[in-house]
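Each chain, letter by letter, is given below.
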Amino acid sequence: GVGSPGVIGAAEPAVGAAPSYTQPFNDATGFAEFTKHSQDADAANAWYFSTGQQAAEVNGFGDAAPADDWLISKAFNLNGTAVEFLSFRTWTNFTDNGLAQPLTLKYSTNYSGSGDPAAADWQELNFTASPRASQAWTDSGLIDLSEIGGTNVYFAFQYQSSGTTASTSSSWRVDDFKIESHATPVISIAATDADKAEGDAGGTAFTFTVTRAGSQL
């Protein structure tokens, strides 16, 4: 007789990219590594690649509906390294009086990789944003990802506007998206106050702040 072929299990999901990644958004090919998705009624207006600025850009002014636009990275495997840091730069102009912060950064460990981001769970990450209407490129600061685990972790910029007019929308750009990874925990030592008057007499006490990223030493 013919024996049972046995149970064939479901294929394992593909593992995301190693978390050492830089996207300077220098061209449309780089921008295409991110997925853009519009949650609002005006899907035609969403994130786009700005040729003149060489950056990812979005603006809700003049849209047919208040904006809810997502720019989503590819998946990253954060289980193979001890510490990861995310950084990028933002620029903004104009003021949306209806929102405290029109641009937010989020991550998901269960996003499918395409389609509606509302079908997944997203957690917000803090970063330093460009001040309102400043037209100033601003570094996000190093965002510690060491407490986030998963083999398929997505990061997303969500842009929203409270309306479509000059006072209810704003323009934002994102550039130089970068993830750095380390195989072991990272110790940082920073001097709180290390100034000393010229001369070699006497003693001076200095204070240092020690921080650790990563759960094991």
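Preceding this section is the structure that the text describes.
I will try to describe carefully the structure that is included in this document. Residue numbers run consecutively from 1 along every chain, following the written order of its sequence. A pLDDT threshold of at least 70 governs which residues receive local features in this predicted model, and a stricter bar of 80 or more applies before side-chain atom pairs are shown or counted, although totals over entire chains, interfaces and linings include all residues. Only hydrogens and water are set aside; all other atoms, that is, all heavy atoms of the structure, feed into the side-chain values.

Some details on the environment of Ser170
The cut-off we apply is this: Each helix is a run of H or I in the DSSP string that is no shorter than four residues. Each strand is a run of E no shorter than two, and both are numbered from the N terminus. Here, residues are in contact when the closest pair of their heavy atoms is within 4.5 Å. In protein, a polar contact requires one atom able to donate a hydrogen and another able to accept it; more generally it is a pair of N or O atoms within 3.5 Å, and residues adjacent in sequence count only if both atoms are side-chain atoms.
Locating Ser170 in the fold gives a position in the loop between strand E11 (154-160) and strand E12 (171-182). For Ser170 and Phe61, which are 109 residues apart along the polypeptide, the C-alpha to C-alpha distance reads 6.8 Å. Apart from residues lying up to four places away in sequence, Ser170 is in contact with Val58, Asn59, Gly60, Thr92, Asn93, Phe94, Asp96, Pro102 and Tyr159. There is a polar contact of 3.1 Å between the side chain of Ser170 and the side chain of Trp172.

Considering the side chain of Thr168
Note that Thr168 resides in the loop between E11 and E12. Polar side-chain contacts of Thr168 include one of 3.1 Å to the backbone nitrogen of Thr164. Those residues in contact with Thr168 that sit more than four places away from it in its chain are Thr95, Asp96, Ser161, Ser162 and Gly163.

Regarding the packing of aromatic side chains
For clarity, the threshold we go by: Centre distance within 6.5 Å is the pairing criterion for rings of Phe, Tyr and Trp, where only the six-membered ring of Trp is used; planes under 30 degrees apart are then read as stacked, over 60 as edge-to-face, and the remainder as tilted. For a lysine, the NZ atom is tested; for an arginine, the CZ atom; a charge sits over a ring if that atom is within 6 Å of the ring centre and within 35 degrees of the ring normal.
All chains considered together, the criterion is met by 13 aromatic pairs. Through pairs of rings, three or more aromatic residues link up here, namely Tyr21, Phe25, Phe31, Phe34, Phe49, Phe76, Phe88, Phe127, Phe155, Phe157 and Phe177. Above the ring of Trp137, the side-chain terminus of Arg89 is found at 4.5 Å from the ring centroid. Lying over the aromatic face of Trp91, Arg173 brings its terminal NZ or CZ to 3.7 Å of the ring centre.

Focus: the environment of Gly30
Relative to the helices and strands, Gly30 resides in helix H1 (residues 28-31). Between the C-alpha atoms of Gly30 and Ala55, which are 25 residues apart in sequence, the distance is 9.8 Å.

Looking at the nonpolar core
Going by this rule: Among buried residues, the Ala, Val, Leu, Ile, Met, Phe, Trp, Tyr and Cys ones that are joined through side-chain atoms within 4.5 Å form a nonpolar core. Any residue under 20% of the maximum accessible area for its type is buried, any over 50% is exposed, and the rest in between are partly exposed; the area is computed with a 1.4 Å probe on protein chains only.
Trp47, Leu86, Phe155, Phe157 and Phe177 are the most contacted members of the largest nonpolar core, which totals 30 residues. Listing elements by their share of this core, those giving two or more residues are strand E4 (55-59), strand E6 (83-93), strand E7 (103-108), E11 and E12. Take this core: its biggest share by element is four residues, from E12. Each residue touching Trp47, except ones within four places of it in the same chain, is listed here: Phe31, Lys36, Ala56, Glu57, Val58, Asp69, Trp70, Leu71, Leu103, Phe157, Tyr159 and Val174. Counting eight residues, the second-largest nonpolar core is a separate cluster that includes Ile72, Ala75, Tyr111 and Trp122.

Section: the pairing of E4
For the record, the criterion: For two strands to be treated as a pair, DSSP must find at least two bridges joining them.
Of all five residues making up E4, four are buried, and the element is well covered by its neighbours. As judged from the three bridges shared by strand E3 (residues 48-50) and E4, these two strands associate in the antiparallel manner. Opposite Ser50, over in E4, you have Ala55 as the bridge partner. Linking two consecutive strands that pair antiparallel, namely E3 and E4, is a turn of four residues; a positive phi of about 50° is found at Gln54 within it. Where E4 meets E12, four bridges bridge the pair, whose relative direction is antiparallel.

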